[in-house]
Every structure is written in structure tokens, then in C-alpha cells.
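Spelled out, the chains give:
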Amino acid sequence: MRVLHVVGARPNFMKAAPVISALSRRGVEQILVHTGQHYDAAMSDIFFHHLGLPHPDVNLNVGSGSHAVQTAEVMTRIEPVLVEKKPDWVLVYGDVNSTVAAALVCAKLLVRVAHVEAGLRSNDRTMPEEINRIVTDRIADLLFTPSPDGDENLKAEGVAPERIRFVGNVMIDTLVSLRPAARELWESRWASSLDGERFALLTLHRPSNVDDVAKLGAIIEAIAEIAREIPIIFPIHPRTRQMLRSIDAPFPPKLQLIDPLGYLDFLALQERAAFVITDSGGIQEETTYLGVPCLTLRANTERPVTIDLGTNTLIGSDLDALRREARNALEGRGKKGTIPPLWDGRAAERIADELIAILPPH
Ligand code: UD1
């Protein structure tokens, strides 16, 4: 059996890594294709390094562009690779433009495609990722879901139950296996510089928060207020960095703007943070696993299990709610939760077993 993995953007890398390891332990031949959607060293290379991912066999170097341009470039450039490599399965991950582009090409070439992290729905079609999720799930042959709500969503859309496998959360596999290394990094790199002080962590990159200067300015102003009470570390996504140049908001010294962090550094900080403010998808899940309160600057989430069982609170654009919840977390009244089912570090093992059960290696 030959499996071809497609990764492109930062959140794909930690999802693919455990699946690649689980399949290589089973002696499966694998090909790794990087679309090049993310290309900066801090958005891509450092993740390959921290996650122990093999060097990509193919890099499509698509780079940045509008959604149409980026999606079309991935499609055009991946087609000849799939024709040449003739994989038995293509694995696509998450909900980025590279995911849907690769899945579309597979569907037309009649190459079997499996979607890892299937079935998640925010029910908000203004979010580009929601379109990517719906289309990918519609055309993929096999759908690996991270939580039971994923199964429910797919069934409600008419997907045959035989195509769905509830395997758990592969991103948590990576967290579980790299937590010891992150703790070492905490001791060697972060503990002394933070000097025992409590801190919070902030990430912000959704177009709905950062592409509108007025909205971004208002968020930064509320964050700056919270930073009077507790230092806030803010690793800045390139998209947000560009937008911050055009806003005129106060940046108090305790709001520490830094370059994007590698996987291990971010995990090290996440585990020790008093709370996290974010609009990311994956961080809602990681904080739930770690038991750290997460204040999500979005009106909805495709990961409702983090609210029902975990530590996540949806803030929407209500900045008073942000101030209030931050204070609760500061005073030790942050949301507590439990770890969702099958977020046990073994999701990739289940995926590998399923693929082999369907199509054994030669
Ligand atoms: C993409 C994903 C999003 C994911 C995010 C994680 C889609 C639709 N969006 O959003 O789901 O949460 O990745 O980071 O696929 N840029 C750089 N260097 C890079 C990459 C991007 O400077 O290595 C800049 C470019 O100006 C680019 C912008 O960031 O135009 C946005 O990058 P893009 O890949 O289009 O979307 P993200 O916002 O990163």
C-alpha cells in the first residue's frame, strides 16, 4: 500500500505527524507532499523540525494568494504528482485551502482520499474553512472524525455511516507525545525569562478578527487593558502582523509581541498559561486537553466538544465578556473541564489500523 499525505499550512503539520509515524511503524510506503501554502521558516520549517516530520518528497511551492488562486494553484500542481505517484490512498488534514484542493483533484482522478478531522461544522459559511470542510467531506471516501459531533454532522448531511470512523483527535496524539520535550524546553528556555510570573497567551489570525482595522484595534485595546493585570505573550501570525502596522492602538510593555513560535515552545507556554485568548481552532482543543481556560474570540466553533466538555468559552465579539472572563480566570474561577472521549494519544494508531484493514500492505 502506498499512502500520500498532503500538508500545506501550519495546523496540518501536527495532525499528519502521528499518522505518518503510525503508518511507518506498520511498514507502509509513504510520500509527503507540502503544498507550500505556508512557507516562512517560523510557519513551516520549525514544525517539521519539532515534530520530527520527514523532509517533504515534493514541495508544490504555491505560496500566498487569494482563495481562488491558492486553491487553483494547489490543484494544478498536485495533479501530475498524483498521476505519477499513483497512491492507493491520499490523506488530507483539517480544513485549509490545501485540504480541499487536494481532495477535489483526487475525486476527479478516482484516487481514494481520506479526510482526517472530518465532520466538524461551525455552521457559519462566511468562514472559508467551513466551505473547505463541507466540500472535502462530501467528496472524501473515508472520514476520520475527532469527536462524536463530527459523526452526527456527517450523518445529518446524508453521509453513509460506512464511510465514517470515529478515531479521536490526532492533534492530541502529537501533544501527548511531545509534552515531555515541551516541559524540558520550558525549563531550559522559558522558566527563567518569565521569572515565576503568571502570564496569559494570545493568538489572533482569523480574517473576521484581523482584516478589519477597527475591529482589530478594539480587540487590541481590550487586550491591552487585561495586560495591565497580567503579562500577555502574543506570538503574531504574519497576516496579523501586516494588519497591526495600520492600527493605532496602545501596546503596553506587558503585551509582549513576538514572532510566531515553534510547536514545542507554544506547547510549553500553553501548559503554564493562566489562560489563553485565541481565535484558532486547534488551540481550543489543546487547552481543553491541558485544562487551561480558553477564551475564544469567535461567535461560533466547529469544535463544540471543547465547550460542552472542555475549558473553552465563546466570547464572540463581546469585549466586555472578554474582560470579565479574563478576570474570572485570573482569580482562579476559570472554566474547568474534562478530556473528550478518544483524545488519548492513540487516534493515529486507529487510523493506520483502519487503512490497513481496508487495504492491507502488499
Ligand atoms: C491558514 C488557514 C487557516 C489556519 C491558518 C493557520 C485557509 C483558508 N486558512 O490561514 O484555516 O487557521 O492557516 O495559520 O487555508 N503568510 C506569510 N508567510 C507564510 C504564510 C502566510 O507571510 O508562511 C502571510 C501571507 O501574507 C498570506 C497571509 O499570511 O497572504 C495569509 O496566509 P494564508 O495561508 O492565505 O491563510 P492563513 O491566514 O495563514
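Everything numeric in this text was worked out from a predicted model, so none of it was measured.

1. Some thoughts on the overall build of the protein
(1) Moving on: Each helix and strand counted, the protein has 15 helices and 13 strands in total.
(2) Moving on: Relative to its length of 362 residues, the protein is compact, with a C-alpha radius of gyration of 20 Å against a globular reference of 21 Å.
(3) Moving on: Seen through its principal axes, the protein has C-alpha atoms that stretch 60 × 40 × 40 Å.
(4) Moving on: Considering the protein as a whole, with its 362 residues, one finds that 59% of them fall into the buried category.
(5) Moving on: Taking all contacts inside the protein whose residues are at least 6 apart in sequence as the whole, residues at least 24 apart take part in 69%.
(6) Moving on: For the protein, the accessible surface area stands at approximately 14,600 Å², while carbon and sulfur atoms represent 51% of it.

2. Side note on the domain arrangement of the protein
(1) Moving on: Each domain of the protein was delimited in the assignment, giving domain 1 (2-168 + 343-358) and domain 2 (179-330).
(2) Moving on: Put simply, the middle of domain 1 and the middle of domain 2, counted by C-alpha atoms, are 26 Å apart.
(3) Moving on: Of the roughly 1,700 Å² buried at the junction of domain 1 and domain 2 (both faces included), carbon and sulfur atoms supply 63%.
(4) Moving on: One can count 4 salt bridges joining domain 1 with domain 2.
(5) Moving on: Looking at the side of domain 1 that touches domain 2, the elements that each hand over two or more residues are helix 1 (10-25), helix 2 (41-51) and helix 5 (128-139).
(6) Moving on: Broken down by element, the residue count for the side of domain 1 that touches domain 2 peaks at 6 residues, all from helix 2.
(7) Moving on: Grouping the amino acids of the side of domain 1 that touches domain 2 by side-chain chemistry returns 9 nonpolar, 4 polar and 9 charged.

3. Things to note about the pattern of salt bridges
(1) Moving on: Under the defined criterion, the tally for this structure stands at 30 salt bridges.
(2) Moving on: Notably, a salt bridge pairs Glu73 with Arg77, separated by 2.9 Å at the nearest N-O pair. A residue pair is termed a helical-turn pair when its members lie 3 or 4 positions apart in one helix, as Glu73 and Arg77 do in helix 3 (residues 67-85) at 4 residues.
(3) Moving on: Note on Arg77: relative accessible area 33%, which makes it partly exposed.
(4) Moving on: Residue Asp259 pairs with Arg241 through a salt bridge whose shortest N-O separation is 3.0 Å. One end of the pair, Asp259, is in the loop between strand 10 (255-258) and helix 11 (263-272); the other, Arg241, is in helix 10 (residues 238-244), and 18 residues separate them in sequence.
(5) Moving on: For Asp259, a relative accessible area of 51% corresponds to the exposed category.
(6) Moving on: For Arg241, a relative accessible area of 31% translates into the label partly exposed.

4. As for the pairing of strand 10
(1) Moving on: Bridge count for strand 9 (residues 232-235) against strand 10 is 4 bridges, and the pairing is parallel. Directly across from Phe234, in strand 10, lies its bridge partner Leu257.
(2) Moving on: Between strand 9 and its parallel partner strand 10, the chain crosses via helix 10, and the hand of that crossover is right-handed.

5. What to know about the sheet that holds strand 8 (residues 200-202)
(1) Moving on: Read from one edge of the open sheet, 6 strands run 10-9-8-11-12-13, paired in parallel fashion. The open sheet has two free edges, formed respectively by strand 10 and strand 13 (312-314), since each of these has just one partner strand. Ignoring which end each strand starts from, the neighbouring axes of this sheet average 20 degrees apart.
(2) Moving on: Where strand 8 meets strand 9, 2 bridges bridge the pair, whose relative direction is parallel. Across the sheet, the residue bridging to Ala200 is Ile232, located in strand 9.

Calculation criteria
Residues numbered from 1 in each chain as written. Predicted model: local features only at pLDDT ≥ 70, side-chain atom pairs only at ≥ 80, totals over all residues. Heavy atoms only, no water. Helix = DSSP H or I, 4+ residues; strand = E, 2+ residues; numbered from the N terminus. Rg over C-alpha atoms; globule rule 2.2 N^0.38 Å. Buried < 20%, exposed > 50% of the residue type's maximum accessible area, 1.4 Å probe, protein only. Contact = heavy atoms within 4.5 Å. Areas by Shrake-Rupley, 256 points an atom, 1.4 Å probe, with all protein chains shown as cover. Domains from an automatic or database assignment. Buried area = accessible area lost by both parts, 1.4 Å probe. Salt bridge = Lys/Arg side-chain N within 4 Å of Asp/Glu carboxyl O. Nonpolar A, V, L, I, M, F, W, Y, C, P; charged D, E, K, R; others polar. Pairing = 2+ DSSP bridges. Right-handed = clockwise from strand over helix to strand, strands pointing away. Axes fitted to C-alpha atoms, helices over the stretch in contact; angles between N-to-C directions.

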